[in-house]
Each structure stands twice: as C-alpha cells, then as structure tokens.
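Next come the chains, spelled out residue by residue.
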Amino acid sequence: MAEADSPSRLPGVATTAYLSLAFLYIPILVVIVFSFNANSLITVWHGFTTDWYVKAFENEDLRRATLNSMIVAAGATFFSTIIALMAAIGMRGRLPRGLAGSSQLMMTLPLLIPEIVIAVATMTFFALIGLSKLEIGVGQVLIAHTVFCVPFAYSPIRARLETLQPSLFEAAADLYATPWHAFRRVTLPLMLPGITSGAMLAFITSLDDFIITQMVAPPGSMTLPVYIYSMVRKGITPEINAVSAILLVISILLVVSSYVINQRKAV
Amino acid sequence: MKIRSFIFAISVAALLSGVAHAEEKQKLFIYTWDTYKNDDLFKKFEDETGIDVVTDIYSSNDALIAKIKAGGAYDIVMPSGPYIPLLAGEKLLNPLPADLQAMGEKMAANVKNPGFDPKNEFSLPLFYGTTGIAVNTKLVKEDITSWSQFFTRPEGEKKTLGVLDDTGTVMDIAAIQLGKPYCEDNPETYKAIQALLLAQKPFVKVYGATGYVERMAANDVAMQMAWSGDAFLARKQNKDIKYIYPKEGVEVWIDNLAIPSTSKNPENAKKFIEFVLKPENLAQYAEYSGYVPSLDAAKDMMPAEIKDAPEFNIPAGLNAPVSATCAPKVVKNQQKIWDRMLK
Amino acid sequence: MQGIRNAAPWLLSPFLLVMGVFFAAPLLLVVGYSFMTAHYPGGVEFPLTFEAYTKIFYDTDFDGNKVFDSSFLLICWKSLKLAGLCTILCLFAGFPMAYFMATRPAHQRNLWMMLVTIPFWTNLLIRTYSWILILRDEGLVNNLLMSAGIISSPLTLMCGDFAVGLGLLYSYLPFMVLPIYANLERMDWRLVEAASDLYATRWQTLRKVTIPLSMPGILAGSILVFIPSIGSFLAPQLLGCGQQMMLGNKIENLFGQAGDWPFGSAASVALMAIVMIGLMIMSRRGGIKELV
C-alpha cells in the first residue's frame, strides 16, 4: 500500500516506527540479557551463566510467590471471565433505563481510576470490614484482582459477541432450542475465541499487578511482582533479572497465543 | 455436562484442601526488614522445631504499622525502638510472656532498659546500630570527620550525596549536627533543621533507602547517610567504602523483637524469640545483617574481623544518643519539614 | 435469544454485585474518610471535618499560623505537567508509528499489532526497573558512551524529570499508538490518493486530510495516555529516586509513612476529580467511542 511513490508515504515515518519499536523492547531485552551475566554488578558484562536461574529455582520464597501468583491469577481469571461473560450477554438484552449506561460506566471506571487510588480504597475497605479475620489468605488478593480483571476480560468478549449474527439465535429458537440449550450449543462455542482471549488478558493483568496486591496482601500471600519489588529495593541482582525474565517470557507467550487464537477462529 | 463435571472437580479440590489444611504444619509468619531475612538461620529454626517459617518484608516502620493495623496476622515483627510505644499505644502488640521479659536483664549495656520500653513489656532488643556516613574513598579524596562536610558542600559541586528518606533518622541527625536534642518541639529548631536540609538539597543525588546498599557498592554516590549494617554489607562488596563516625555524634537505634496482637501463633513466636536470643544464633544473625547483637555473649562469638569492624564498634566517648519516640505533634512538624524540603 | 434478553438484569447481577461491593463501596469509603480526622500513626476517627481538604491549600507553620502552602498544589501541577509532556511526546512518536503500521500490507499489520501490544502486557514493574539499569551512572548508556570515548565522566540521567518523563513515555506509548492505528486503519485511503491527484504535497495531505480524519484516534490516545499518567506511581517512584513527588507517590506516602489517611483520601478524591474533569473535557471533543 505504501510503495515508494505512493502518496501515503511520508519520510521519517518508517524510521520513527522502527526506533519506537526498539525503544519498546530495549528494557525487556536488557532484563533478559543481563540475567545471564556472570557478574553481580549487573551492567558490566562478565560472562555467560545460567547460575542465576538455578538460584532462582532454588529460592523457596520465590517458589511461594510464584505459586501465590498462579493461584490468584487462575482464580481471578475464572471468576472475572464468568462475570464478564454474563455481563456481556446481559448488556445486549433488555435492561431498565439507565442500567445499561451506568453498567458501561462501571465497566470502564477501573481502567481510568489510578491504580493507587483503587489500592488504598480496597485496603481501607478490607481493613474496615475486617476481612483478614476470615483468614482466607490469598483469597483476599484474589477478590481484589477479580474486581479489576473484569473489564479486561469483558473487552474481547463483548467485541466477539458483537460479531455474532442474531439470525443464528433465531435459527436455534426455530429449531426448538431452549435459551439455555441455545446458549450452550450455539453461543458458547462461537464465543470461545473471545472468552479465551478475555481470560488470557485477565490472567496477565492479574499476574502483573503490583500496587494493589502490595497494599492488600495478608501474611504469606506475596505475589511475584511484590516479591520482585521488595528485591529491587534491596538492589537489583541478576537473580531478579532471571525471575523477571521468566515472568516476561510467560506473558509474551500468553499474548502471542491470545492473538493466534483470536485470529484463527474469526467467523 | 461440562458444568457438572466442573462442579464435581471443584468440590473434590475443596475437600482435599480441607484435608490438607488439617494436616498442615505449624507456621510462623515473620514480618521484617529485608536485611534481617536470614534464610539459613530460619531454616535452622525450622529444623529444630518443625515450625514452617514464612517471611514477608517491609521497607519502613510505617509500612509495618499500616499492615498490622489493617489486620495483617504476623507472629513476629521487628520494629525500631521509637515505634514500640506507638504500636503498644495502638494496641497492636501483645505483652511478652513474663519469662521473655526477664531476658531483658541479660542484654548488653547499650540496649538494656531502653527508654521506649524500660521493662521489656512489649519488646526485646535484637540488634542495635548507628547512623553514620558511608564514604566512597575512591570518589572522595578529603578526610571526612564531620557531619558539616556532609551537609555543606562546596558551591557548584555535582550531586553526589545519598540521604535516607526515613524522616525520623534524618531529623535525629540534623539535631545532632545542630547540637539540639532529639524531638525538640521548638519553632526555631524546626526552622533551623529546615534550613539545614534545604541547603543540602542541591548536592543530594538520591533521597531514599531503596537499593542503596547496591548503590553504594556500585559507586553511584560519593557519601551516603547510612545505617551501619548496610554500610557493612556495602563494604563487603566494595572495598572502597568506609564507615565514618562524625565527631558531632551518631544516632543509635535499636531494632526489637515483638509479637503483634494479630498473631495467630503466639507460642511459636515465643519459641522463635528464645531461639534467636541464644548467643550462637544471635551471632550468626548479626554476621548476616551487619548490626551489633543485643547480647554481649553473642558479640564475643563473632569472628574477629567482623567483631572489630568499625560498623560494630562505636568509638568510646562519642555522642551517641538512642533514638526516641517523638510526640505526634513533633512528628507532624518533621513530616512538614520533609515535604517542604522535597518540594 | 428471547429468554436471555429477559434474563438480562439477572445476568448482570454478579457484575453489579461484585463491582458494587468491592469497587464502588471502597471508593465511597475513601471519599468518606477524606472528611474525617487523622489518627496518627494511621487510621481515621471522628469528628467529621474539612481539615483534610484545607491541607490542599493551607498548612500551619511552625509558629502555629495558618499559611498558604503550595506544596500539594505544586505536586498536582507537576503531575499535570509531566503527564502533558508525556502525552505530547507519545504523540510525536506514536502518530508516525501508527501511520507506518496502517500503511503496511495487511498481513504485516497484524504482526506489527502484536509486536506493539506485547510489551504492554508484560510486567510494568520489571520494564520500569530495567530503565534504572540503563540510565544509572554505571548503567548501559553511560558504559557505552564511556567505552566509545564520547564522554569521560558519567552523565547523570537518573532521578530527574528526564528519567521520570522517559519512564512515563515508555509506559504509555502503546496506549497512543493503538487507538490512532485503529482509526487510521479504518480511514478511507482513497482520500489521500485523491488529494495527491489534486496536486497536494505530502505535507498538505497530512495536514488537511489525514490528521483531521484521525482526530478521534488522536484524542482517544491522548486520553488514554494523559489520564493514567497523572496518577502514575511506578515511574516516579523508581526513576525519580524519591524526589519526584507526583500525585501517585504522594498518596502512597500519605497512607504509609505520613500516616495521614484523611489527607491521603482527600488527595485521592482530588486525583479522581482531575481525571473526571479531564475525561469530560476530552469526551466533549469526541473520541470516547474509540475507548470502549
């Protein structure tokens, strides 16, 4: 589309694009590359080693933090995806006046309100209702994560739902399918790419969260980002880079998969 | 069909986790500073008692208070002295059992019957240390002997100083430099401290303790207001670092063991305190953290090159007042000085 | 679908319940706390008072007099300034990037989309602290420049507006690129060709055709960058070395070290107000559609 003589070609644009792309990836590459550095003072290259990864795997706190992160992310994904799915379908139905608008607002609000405010609000709320007395441990973090993951799960689901033609449902109804039947046999399978995409986004969002988790986490329920931050405080070592690199790679794989799935099953 | 099997799976999982819970080991939740997280020592405790240790880290005493207040059910916390009365006043600490309180008598002279908890009702000293200057001798050629060399630099010099962001510590040091007592509630003193800090600001590269051990070791700062243990740790990585006791004096502070009122395992907490305060364990702990152990017996057990290191020995006769709890009004004013300075 | 249509409110109820209890209620609590009295070292108590809000403008000095104190307002101003700077920089880098992406052949476009989105989904904390490794005195940039002989002593890149601005730009660039790209992709490029047929230069086409048509995307991107960057926490905290007090850090400090929850709540309310106002202004000019 933009061949050399095409009117849409602008000078400098390609350069800016490539530079910006490099800009976006440099920190990621730095983390990964220097996780193999044999020198403890990280930015002086000393030799290649995988020792830091070994050290990371043997680190019990790290294992615990990873486990917590996985449990919270899986749980938050599960609940937020279900809630988002129900909400997406519900939003297309008949709703009392104003409910659609205010629901839409509630769906976008978590994306706009600064995370720090959500963090302190959730912390003070949990303190007030004495949630820690229920001793649900990681569950406390799970609840907080579910809340802000819903909008992230919602977006692809809603987008997918809108591509589905109403005639499909009419056809199902014509064939004497009950609403539930129609949902299970028609809607759900067709929505699957959107649901999967939404679930993955929710998972990554939960996995990434730092400030909300830090303020809300009860004892022993530290997650990976909180653990990394406490280590960064002490001073950045290649071990942290190793841990971070692992986390980065997981996120990248998830995003790529989400993309591939969404592309392939386009109806 | 899928939903039904899913529900089944969840119930089984719930059941299993319930069973697992019943057979769970005894636990101990520790909330402490990053440099006090001694995995080897904690493992020794786990091996001796069979109690599983889980450690979380805080970066300031205020973060500690906030977490306990929000209901954080930790069993052991390690607050600095001035915060003990605060925590106790907020009913956030459990009184120590009588036999633990009695251990207070065995403490070293520097930390015995501290002003913030004379009868060791709520706390037992763990480590004590000083706040002095960590000088990078590679970057600083002059001989540093005074706080005034830290607070006033020659005009036009680049930003090379590192200052802590713990307001209590900074205010205490400023008071020492000005020759005033700690926590003085006097408008003139406040203004003097404010002026001192503002005059220093153009030369300060970093305010904060985040990663400052590494910063010192990486030659990022020429002079750093540092806690003695962190200076010790930095010196281990970088031989050019030297810990200085300025002639006006240093702040002495004490970190203590305490049991929060939110604790779910107070008996395990007691066992931990008894374990840590055994001289051989405390010695190992002190070597790890770089601070002076509260028991002389422990200090004697440490290897000579550490025991005699500058960070572990306050020069005799030096002005070394122990940090104290300031009245809330004073704390507010100190925070005000800090905010205005950072503006 | 009929049955589902009728069941709509029921389907929405888990969402409303969860958001109501765990999102709306905490926020309302914060608003409520902003009207209470501070209890040092943390927490709130009665009586109800406006004092937290007066702290935004006034402070009692050491002699006990109430004086106008600009420190909080300066923090607000700094946050707005850095956020604005970030938005402009994002525009300068983001628009060309989006333009380039939109003018690629179809199969390449998806690849570009993915490439731009990937960093966005990876952990921001990690990517931000990585900048410390790059910018510090013994970091990547200085090491490279010094070994190439370009400078003899390290440049101080960290701990200032530059580092924080860079961090913000880094965090929010994809937010600018993606809406503009979405907009440009849907644009009718025949208009560009038509302009060229009518003897317009490339720059004239850009100014008179492309940019006006991509306004919704530009506005959406600007909202998505400006609003969150005001309340940003990680970039000022890690890259500002404790000196760049933006609103996000200030609030965290008030709930933590300063132990002044009412003032922290008032600051949160102020931040939310700024966000809301910014949103209303920008939605007036259109562009909200691209957001959702």
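Structure report, in brief. (Residues numbered from 1 in each chain as written. Chains lettered and ligands numbered in written order. Predicted model: local features only at pLDDT ≥ 70, side-chain atom pairs only at ≥ 80, totals over all residues. Heavy atoms only, no water.)

Side note on the interface of chain C and chain A
The figure often quoted for interface size is the accessible area lost as the parts come together. In this complex, chain C contributes 93 residues to the contact, which on the side of chain A involves 93 residues. Between chain C and chain A lies a buried interface of about 8,500 Å² when both sides are counted; carbon and sulfur atoms form 81% of it. Across the contact surface, chain C and chain A share 6 residue pairs in polar contact (both at pLDDT 80 or more). In terms of residues, the side of chain C that touches chain A owes the most to one element, helix H2 (residues 8–33) of chain C, which gives 20 residues. (Contact = heavy atoms within 4.5 Å. Buried area = accessible area lost by both parts, 1.4 Å probe. Polar contact = N/O pair within 3.5 Å; in protein donor to acceptor, adjacent residues only side chain to side chain. Helix = DSSP H or I, 4+ residues; strand = E, 2+ residues; numbered from the N terminus.)

Quick word on unusual backbone geometry
In this structure, Pro47 of chain C follows Phe46 of chain C across a cis peptide bond, with omega equal to 15°. Along the chain, Pro47 of chain C falls in the loop between strand E2 (44–45) and helix H3 (51–54). Residues other than glycine seldom take positive phi values, yet Lys91 of chain B does so here, at roughly 60°. Looking at the secondary structure, you find Lys91 of chain B in the loop between helix H4 (83–89) and helix H5 (98–102).

Some points on the pattern of salt bridges
Under the defined criterion, the tally for this structure stands at 23 salt bridges over all chains. The salt bridge involving Asp185 of chain B is made with Lys329 of chain B; its shortest N-O contact spans 3.2 Å. Separated by 144 residues along the polypeptide, Asp185 of chain B in the loop between helix H7 (167–178) and helix H8 (187–200) and Lys329 of chain B in helix H15 (residues 328–342) bring together distant segments of the chain. Since its relative accessible area comes to 39%, Asp185 of chain B is described here as partly exposed. Asp188 of chain C is paired through a salt bridge with Arg190 of chain C; the nearest N and O atoms lie 2.8 Å apart. The class of Arg190 of chain C is exposed, set by a relative accessible area of 60%. Because the salt bridges share partners, they merge into one network encompassing Glu60, Asp61 and Arg64 of chain A together with Lys37 and Asp39 of chain B. (Salt bridge = Lys/Arg side-chain N within 4 Å of Asp/Glu carboxyl O. Buried < 20%, exposed > 50% of the residue type's maximum accessible area, 1.4 Å probe, protein only.)

Read these as geometric descriptors, not functional statements.
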